[in-house]
Amino acid sequence: MVNDTDILNAIAKIVEEVADVASAEVTAEKSFTDDLDIDSLLMVEITVAIEDRFEVQIPDDRSAELRTVGDVVGYIADHR
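How each quantity is defined
Residues numbered from 1 in each chain as written. Predicted model: local features only at pLDDT ≥ 70, side-chain atom pairs only at ≥ 80, totals over all residues. Heavy atoms only, no water. Salt bridge = Lys/Arg side-chain N within 4 Å of Asp/Glu carboxyl O. Buried < 20%, exposed > 50% of the residue type's maximum accessible area, 1.4 Å probe, protein only. 1 Å grid on protein atoms, 1.4 Å probe; cavity = no way out; pocket = protein on both sides within 12 Å on 5 of 7 lines; lining within 4 Å. Points joined across faces, edges and corners; volume = space filled by probe spheres on them. Helix = DSSP H or I, 4+ residues; strand = E, 2+ residues; numbered from the N terminus. Nonpolar A, V, L, I, M, F, W, Y, C, P; charged D, E, K, R; others polar. Core = buried A, V, L, I, M, F, W, Y, C linked by side-chain atoms within 4.5 Å. Contact = heavy atoms within 4.5 Å. Axes fitted to C-alpha atoms, helices over the stretch in contact; angles between N-to-C directions. Parallel < 35°, antiparallel > 145°, perpendicular 65-115°, else oblique. Left-handed = near helix turned anticlockwise from the far one by under 90°. Expected span 1.5 Å × (residues − 1). Polar contact = N/O pair within 3.5 Å; in protein donor to acceptor, adjacent residues only side chain to side chain.

Caption draft 1: Geometry of the pattern of salt bridges. Counted by the stated rule, this structure contains two salt bridges. Of the charged contacts in the structure, one is a salt bridge between lysine 30 and glutamate 25, with a shortest N-O distance of 3.7 Å. By relative accessible area, lysine 30 is classed as partly exposed at 21%. Judged by its relative accessible area of 42%, glutamate 25 falls in the partly exposed class.

Okay, here's the thing in C-alpha cells:
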C-alpha cells in the first residue's frame, strides 16, 4: 500500500531528475512555479513522468489546478 509519504518521495525524485531541483527541497507545501522555479515545459515533463510512475491520467484542465506538490500528492492518492 502506497501512502502520501511514498507518493511525495517519488514526486521529489521525479522533480530532481527532470528539473534538477534537490529532492529535499520538494515538500508538500511548495508551489511548482513559485517555490521550485519550474516552468511550463518542465511541468509537462514532470506530469508525464508522474503519470507513468503512478499509472494515473492527469487531464490538462485538471493539471493547471495542481499548483503545489501537495495538490499532486492528493490527486494521485484519490485516483490510484
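Caption draft 2: Expanded view of the layout of surface pockets. Considered as a void within the structure, the largest pocket measures approximately 280 Å³ in volume. Around the largest pocket, the lining is made up of 17 residues, and of these Ser40, Met43, Val44, Thr47 and Ser63 lie nearest the centre. At the level of secondary structure, the elements contributing two or more residues to the lining of the largest pocket comprise α2 (40–54) and α3 (60–63). Here the lining of the largest pocket is composed, by residue class, of eight nonpolar, five polar and four charged.

Caption draft 3: Structural view of the nonpolar core. Counting residues in each nonpolar core, the largest one holds 25 residues, and the members touching the most others are Ile11, Val15 and Ile50. Broken down by secondary-structure element, the contributors of at least two residues to this core are α1 (4–19), α2 and α4 (69–79). Among the elements that make up this core, the one with the highest residue count is α1 (eight residues). Those residues in contact with isoleucine 11, other than ones at most four positions away along the chain, are Ile50, Phe54, Val69, Val72, Val73 and Ile76.

Caption draft 4: How the structure looks around the packing of α1 against α4. Remark: α1 packs on α4, axes separated minimally by 10 Å, with the N-to-C direction vectors making an angle of 125 degrees. Considered as vectors, α1 and α4 are oriented oblique to each other. Handedness of the α1/α4 crossing: right-handed. In this structure, α1 contributes Asp4, Ile7, Leu8 and Ile11 to the contact, and α4 contributes Val69, Val72, Val73, Ile76 and Ala77.

Caption draft 5: Structural detail: α1. For α1, which comprises 16 residues, the first-to-last C-alpha distance of 22 Å matches the rise-based estimate of 22 Å (1.5 Å per residue) to within 8%. For α1, the complete set of buried residues consists of Ile7, Leu8, Ala10, Ile11, Ala12, Ile14, Val15 and Ala19. Next to the buried residues of α1 lie α2 and α4. Where α1 begins, the side chain of asparagine 3 points an oxygen toward the backbone nitrogen of threonine 5, at a separation of 3.0 Å. Just downstream of α1, aspartate 20 is the residue with a positive phi angle, here 60 degrees.

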